[in-house]
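# Remarks on the overall topology
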Amino acid sequence: MGAPIHQWPQDLKDQYAYNVTQAKALLTAAGYPTGFNTDCVADSAGDMNLLQIVKSEFAAININ
């Protein structure tokens, strides 16, 4: 088991931070400047609230 996030060095925390601007830059560098469409398969017995969070965060960077 790893260390809790509050014990991580700042540079590591920065790598895992939610950063829309950096995510869009990475998508552009990968050849997807306007995002892309994809499918997500989920078990309805799973955490559907978590799926909605992922969907929302992906929508912010034009991944539908």
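The preceding data block contains the structure.
Residues numbered from 1 in each chain as written. Predicted model: local features only at pLDDT ≥ 70, side-chain atom pairs only at ≥ 80, totals over all residues. Heavy atoms only, no water.

## A few points about the overall build of the chain
To keep things clear, this is the line we draw: Every helix listed is a DSSP run of H or I at least four residues long, and every strand listed is a run of E at least two residues long, numbered separately from the N terminus. Burial classes follow relative accessibility: with a 1.4 Å probe on protein chains only, a residue under 20% of its type's maximum area counts as buried, one over 50% as exposed, and anything between as partly exposed. Using the Shrake-Rupley algorithm and a 1.4 Å probe, accessible areas are obtained, with residue cover drawn only from the displayed protein chains.
A count of helical and extended segments in the chain gives three helices and zero strands. In sequence order, the secondary structure elements of the chain are arranged as α-α-α. Dimensions of the chain, computed from the C-alpha atoms along their principal axes, are close to 35 × 35 × 15 Å. For the chain, the proportion of its 64 residues judged to be buried stands at 6%. With the model as given, the accessible surface of the chain reaches about 5,500 Å², and the carbon-plus-sulfur share is 57%.

## A look at helix α2 (residues 20–29)
Spelled out, the test is: Here a polar contact is recorded for every N or O atom pair within 3.5 Å, except that within protein the pair must consist of a potential hydrogen donor and a potential acceptor, and residues adjacent in sequence are included only if both atoms are side-chain atoms.
The N-cap of α2, judged by a side-chain oxygen 3.2 Å from the amide nitrogen of T21 a few residues on, is N19. Directly beyond the C-terminal end of α2, a positive phi value near 95 degrees is found at G31.

## Some thoughts on unusual backbone geometry
For N62, which is not a glycine, the phi torsion comes out positive at approximately 65 degrees. Here N62 lies in the segment after α3 (48–59).

## A few points about the environment of Q15
Tracing the chain through its elements places Q15 in helix α1 (residues 10–16). Classification of Q15 as exposed rests on a relative accessible area of 62%.

## A look at a nonpolar patch on the surface
Rules: Distance thresholds for patches are 9 Å for like charges and 5 Å for nonpolar side chains (Val, Leu, Ile, Met, Phe, Trp, Tyr), applied to residues having over 30% relative accessible area and no salt bridge. The salt bridge definition used is simple: a Lys or Arg side-chain nitrogen within 4 Å of an Asp or Glu carboxyl oxygen.
Among the surface-exposed residues, L50, I53, V54 and F58 lie close enough to one another that they form a single nonpolar patch of about 340 Å² accessible area. Position of L50 relative to the elements: it lies in helix α3.

## Some details on the environment of F58
Along the chain, the position of F58 falls in helix α3. Note: C-alpha distance between F58 and P33 (25 residues apart in sequence) is 14 Å.

Any functional reading would require information beyond the geometric quantities listed.
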